[in-house]
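Coordinates in review
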Amino acid sequence: MKPYQQDFLAFAMQQGVLRFGEYTLKSGRVSPYFFNAGLFQTGSALSRLGQFYAQAIVESGLKFDMLFGPAYKGIPLVAAVAIALYEKQGLDYPYAFNRKEAKDHGEGGTIVGASLHGRVLVIDDVMTAGTAIREAAAIVAGQGARLAGVAISLDRQERGQGERSAVQEVQVNFGVPVISIVGLQNVIQHVQEQIADPALLTAIQDYRQRYGVVI
Ligand code: OMP
């Protein structure tokens, strides 16, 4: 695990974003851990979060023309990432997000910010079964732009619609990379090294056995 990934997990724990317990996910899977990016809820936390994304994105070497954050959780994320890329890396990218409901007055439409064009990097929080990302990819394609990749905080490394992981499905079906700050294997390492709780470790490993994939 890279030092910034260790820092990110410590930060997520400290902010109460990464939690352990029993959580029913959007996919219906019952998970012993949950990552709630909505709990990065102060200016300093959001700023730091944006810097972690910016670091992972720049390190990936991915080429793209603009950023897109799918509503709702992607909206503050994409703004934080755009600011961090500019302030910390000197990279000034256009960014946009969508409304969930089209506006029929004023400026109208569903896209706010830059119009979607060229190679679009989608910024989202977590990938489990890949449903949220497929929806975001459809918005990008619907606007006549091209998906360049996806950047997320956490890759839960779980099966998507088939036997592959959701991330692998995105890579295969859309032909683009998925950049994640951390993955489940990093969470497991963090639990092993920082949290002395064998029952928790077993619960996460059992969950991985059930819904995960062999990478
Ligand atoms: P998929 O659409 O199945 O990939 O699930 C991803 C979405 O589930 C995220 O965008 C979140 O809205 C939510 N989620 C989390 O925020 N954190 C988790 O740890 C797990 C989920 C989830 O429900 O799978």
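Residues numbered from 1 in each chain as written. Predicted model: local features only at pLDDT ≥ 70, side-chain atom pairs only at ≥ 80, totals over all residues. Heavy atoms only, no water.

Quick note on the threshold: UniProt positions are given in the numbering used here, feature names are shortened, and annotations may be inferred rather than shown by experiment.
Identification of the protein as Orotate phosphoribosyltransferase from Thiothrix eikelboomii is taken from an unreviewed UniProt entry. Under the UniProt heading Pathway (unreviewed entry), the entry covering the protein gives this text: "Pyrimidine metabolism; UMP biosynthesis via de novo pathway; UMP from orotate: step 1/2." Under Sequence similarities (unreviewed entry), UniProt gives the following word-for-word description of the protein: "Belongs to the purine/pyrimidine phosphoribosyltransferase family. PyrE subfamily."

Remarks on the overall build of the protein
Spelled out, the test is: Strands are runs of DSSP state E lasting at least two residues, helices are runs of H or I lasting at least four, and both sets are numbered from the N terminus onward. Only C-alpha atoms enter the radius of gyration, while the globule expectation follows 2.2 Å times N to the 0.38, with N the number of residues. Each residue gets one of three labels from its accessible area relative to the maximum for its type: buried under 20%, exposed over 50%, partly exposed in between, using a 1.4 Å probe on protein chains only. Here a residue-residue contact requires only that any non-hydrogen atoms of the pair lie within 4.5 Å. For the area figures, the Shrake-Rupley method with a 1.4 Å probe applies, and any residue is considered shielded solely by the protein chains shown. This count recognises Lys and Arg as positive and Asp and Glu as negative, with His and chain-terminal groups excluded. Lysine's charge is taken at NZ, arginine's at CZ, aspartate's at CG and glutamate's at CD.
The secondary structure content of the protein amounts to 7 helices and 9 strands. Computed over the C-alpha atoms, the radius of gyration of the protein is 17 Å, within 12% of the 17 Å expected from 2.2 N^0.38 for a compact globule of 215 residues. With the C-alpha coordinates of the protein rotated into their principal frame, the extents come out at 55 × 35 × 35 Å. Relative to its 215 residues, the protein shows a buried fraction of 47%. Long-range pairs, those at least 24 residues apart, make up 70% of the contacts in the protein with a sequence separation of at least 6. Of the accessible surface of the protein, which amounts to about 10400 Å², a share of 48% is contributed by carbon and sulfur atoms. Charged side chains in the protein number 19 positive and 19 negative. The centres of these two groups are separated by 2 Å.

A look at the pairing of strand 6 (residues 119-123)
Which entries qualify depends on this criterion: Only strands joined by at least two bridges in the DSSP assignment are considered to pair.
Taking burial as the measure, the 5 residues of strand 6 include 4 buried ones, the bulk of the element. The sheet contact formed by strand 3 (residues 66-69) and strand 6 spans 3 bridges and is parallel. Pairing of F68 across the sheet is with V122, part of strand 6.

Regarding the site of the ligand
To keep it simple, the criterion reads: One heavy atom suffices: a residue is near a molecule or strand as soon as one of its heavy atoms comes within 4 Å of it. Distance and chemistry together define a polar contact, namely a pair of N or O atoms within 3.5 Å, with one atom able to donate a hydrogen and the other to accept it when in protein, and with adjacent residues in sequence counting only for side-chain atoms on both sides. Cavity means a closed set of points on a 1 Å grid over the protein atoms alone, one where a 1.4 Å probe fits but cannot get out, pocket means an open set with protein on both sides within 12 Å along at least 5 of 7 lines, and lining means a residue has an atom within 4 Å of a point. Any molecule with more than half of its atoms within 2 Å of a cavity's or pocket's grid points is regarded as sitting in that cavity or pocket. Amino acids outside the nonpolar list (Ala, Val, Leu, Ile, Met, Phe, Trp, Tyr, Cys, Pro) and the charged list (Asp, Glu, Lys, Arg) are all regarded as polar, and Gly is one of them.
Taken together, the neighbourhood of the ligand is formed by 14 residues, with K26, F35, D125, T128 and G130 sitting nearest. With respect to the ligand, the backbone of F35 contributes an N or O atom lying 2.7 Å from a nitrogen atom. Contact distances for the ligand include 2.9 Å between an oxygen atom and a backbone N or O atom of A129. Computed on the free molecule, the ligand has an accessible area of 490 Å², of which 92% lies beneath the protein chains in the complex. Structurally, the ligand is housed in the largest pocket. Within the residue set of the shell around the ligand, elements represented by two or more residues are strand 2 (30-35), strand 7 (126-127) and helix 4 (131-142). Of the residues contributing to the shell around the ligand, the split by class is 7 nonpolar, 3 polar and 4 charged.

Here's the deal with the UniProt feature "binding site: orotate" (unreviewed entry) in the protein
On the UniProt side, "binding site: orotate" (unreviewed entry) is annotated at positions that read F34, F35, T128 and R156 here. Considering the C-alpha atoms alone, the annotated residues occupy 123 residues of sequence yet fold into one spot, their largest mutual distance being 10.8 Å. As for the lining of the largest pocket, the annotated residues named previously contribute F34, F35, T128 and R156. By secondary structure assignment, the location of F34 is in strand 2. Those residues within four positions of F34 in sequence are excluded, and the remaining contacts are V17, L18, R19, Y23, L25 and R156. With respect to the helices and strands, the residue T128 is situated in the loop between strand 7 and helix 4. Ignoring any residue separated from it by four or fewer positions in sequence, one finds T128 in contact with L25, S27, R29, R156, E158, R159 and A166.

Side note on helix 3 (residues 74-89)
The following threshold applies: The span one expects for a helix is its residue count, reduced by one, times 1.5 Å.
Here helix 3 spans 21 Å end to end across 16 residues, near enough to the 22 Å set by a 1.5 Å rise per residue. The complete set of buried residues in helix 3 reads G74, L77, V78, A80, V81, A82, A84 and L85. Phi for G90, located one or two positions after helix 3, is positive at around 70°.

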